[in-house]
Amino acid sequence: MANSIASPWLRLAWQSTSSMLCPPECVWCERPTSPDEHFCEDCLRLFVSDYCRCKRCASPLPPVVPNESCSRCDAAKWRFKAVATLGPYRGRLREAVILMKKKPFELLRRAVGELMAKELQKQFANSRALLIAVPNHWTRTFFRSVCQASSLAQSVSLSTGWPLLSGVVRRSRITAKQGMLSWTDRTHNVRGAFKLRPTKRIAGRHIIVVDDVLTSGATADEIAKLLLAGGAVSVSVAVAARGTGAREVVVKSAATGSDSTQQPS
Ligand SMILES: [Zn+2]
Ligand SMILES: [Zn+2]
């Protein structure tokens, strides 16, 4: 698999349209895989990592840190109780999350959603959870045909059998992109940005809020606040990748003049 985005783009776009005709193969590297798996064993090791993490928010922690929670969780009063994720937002998982925002990669979204379902079933065994996808504002849905959070939630629902509730939470105003803001501004950006449609279906239930990436936790926390006020007994979060918190910078290659995206160490 080439390291560039262009190569997986072309390969996965083709796989998304030809998967019904071809023998089972890994959605990432095209090597043969078993009929009930979308990824080969090598790719699974790249997508799902057993990293050292905060027990509350799944933020990566140095392996030498014996604490079970990070400094942000020690200070924050999160309304959600736990975060399930495949791994940190870097490497192949980060590439996959970027590709999942594009329309042709439905098969990739479905495959990643199935991996998330396995993690959720490990973490919340015996749970009678309900799923809710982080909603886009209707204007974004209107002009963009892909809502990756919704696609992932549908895949998780199919794999787990847990019901997916749609329309219970809506984004009531347009918000700035969280990735462009400081962590303090992210909290202000999403405060009051969601509305709950009252429903008895969430009363007394454990709700899992599904999204592609969680970084500051502000969006998930805002939605958790609404759901708890609406009668949910607890709220957890499921994301494909856990943001590392490091800002990404674009570095111009002196040799080629091309741009590449890196995370500062
Ligand atoms: Zn593979
Ligand atoms: Zn934490």
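Preceding this paragraph is the structure being described.
Residues numbered from 1 in each chain as written. Chains lettered and ligands numbered in written order. Predicted model: local features only at pLDDT ≥ 70, side-chain atom pairs only at ≥ 80, totals over all residues.

A look at the overall build of the protein
When helices and strands are tallied, the protein shows nine helices and eight strands. Considering the protein as a whole, with its 265 residues, one finds that 37% of them fall into the buried category. Expressed as a percentage of contacts within the protein between residues at least 6 apart in sequence, the contacts between residues at least 24 apart total 69%. (Helix = DSSP H or I, 4+ residues; strand = E, 2+ residues; numbered from the N terminus. Buried ≥ 20, exposed ≤ 12 C-beta atoms within 10 Å, placed from the backbone. Contact = placed C-beta atoms within 7 Å.)

Topic: the environment of Pro 163
Considering the arrangement of structural elements, one finds Pro 163 in the loop between helix H7 (148–160) and strand E3 (169–171). Judged by local crowding, Pro 163 falls into the partly exposed class, with 13 C-beta atoms found within 10 Å. Between the alpha carbons of Pro 163 and Leu 131 there is a distance of 6.1 Å; along the sequence they are 32 residues apart.

Section: the nonpolar core
Core analysis: the biggest nonpolar cluster contains 61 residues, and Met 116, Val 209, Val 210 and Ala 240 have the highest contact counts within it. Element by element, the count of residues in this core is highest for helix H5 (residues 106–123), at seven residues. The contacts of Val 209, once residues within four sequence positions are left out, are Ile 132, Val 134, Ala 220, Ile 223, Ala 224, Val 235 and Val 237. (Core = buried A, V, L, I, M, F, W, Y, C linked by C-beta atoms within 7 Å.)

Structural notes on the sheet that holds strand E2 (residues 130–133)
Pairing in this open sheet of four strands is parallel, and the strands run E1-E6-E5-E2 from one edge to the other. Lying at the two open borders of the sheet, with one neighbouring strand each, are strand E1 (83–88) and E2. Going from strand to strand, the sheet's axes swing by 20 degrees on average, the running direction of each strand aside. Against the sheet, H5 contacts E1, strand E5 (206–214) and strand E6 (234–242), and its axis sits at roughly 130 degrees relative to E1. Across the face of the sheet, H7 comes into contact with E2, E5 and E6 while running at roughly 130 degrees to E5. (Pairing = 2+ DSSP bridges. Axes fitted to C-alpha atoms, helices over the stretch in contact; angles between N-to-C directions.)

A few points about the packing of helix H8 (residues 183–190) against helix H9 (residues 218–229)
At a closest axis distance of 9 Å, the pairing of H8 and H9 adopts a crossing angle of 35 degrees. Here the hand of the crossing between H8 and H9 comes out right-handed. Across from Arg 186, Thr 187 and Val 190 in H8, the residues of H9 making contact are Ala 218, Thr 219 and Glu 222. Considering only residue class, the contact of H8 with H9 consists of two nonpolar, two polar and two charged. (Left-handed = near helix turned anticlockwise from the far one by under 90°. Nonpolar A, V, L, I, M, F, W, Y, C, P; charged D, E, K, R; others polar.)

Concerning unusual backbone geometry
Positive phi values are uncommon outside glycine, yet Glu 30 reaches one of about 75 degrees. The topology assignment puts Glu 30 in the loop between helix H1 (6–18) and helix H2 (41–47). Exposure remark for Glu 30: the 15 C-beta atoms within 10 Å place this residue in the partly exposed category. The residue Ala 58 is not glycine, and still its phi comes out positive at about 65 degrees. Here Ala 58 lies in the loop between H2 and helix H3 (71–75). C-beta crowding within 10 Å serves as the criterion here: with 25 such atoms nearby, Ala 58 is assigned to the buried category.

A few points about the pairing of E6
With eight of its nine residues buried, E6 lies for the most part within the structure. Direction of pairing for E1 relative to E6: parallel, over a ladder of five bridges. What sits directly across from Ala 84, in E6, is Ala 238. Pairing of E5 with E6 involves eight bridges; the strand directions are parallel. What sits directly across from His 206, in E6, is Ser 234.

A word on H5
Its 18 residues place the ends of H5 25 Å apart at the C-alpha level, agreeing with the 26 Å of an ideal helix rising 1.5 Å per residue. Among the residues of H5, Leu 108, Arg 109, Arg 110, Ala 111, Val 112, Gly 113, Leu 115, Met 116, Ala 117 and Leu 120 are the ones counted as buried. (Expected span 1.5 Å × (residues − 1).)

Overview of the packing of H5 against H7
In contact at an axis separation of 7 Å, H5 and H7 are set at 55 degrees when each is read in the N-to-C sense. By the angle between their axes, H5 is oblique relative to H7. Two packed elements cross with a definite hand, and for H5 against H7 that hand is right-handed. Taking contact as the criterion, the partners of Glu 106, Arg 109, Arg 110, Val 112, Gly 113, Glu 114, Met 116, Ala 117, Leu 120 and Gln 121 in H5 are, on H7, Gln 148, Ser 151, Leu 152, Ser 155, Val 156, Ser 159 and Thr 160. Split into classes, the residues belonging to the contact of H5 with H7 amount to six nonpolar, seven polar and four charged. (Parallel < 35°, antiparallel > 145°, perpendicular 65-115°, else oblique.)

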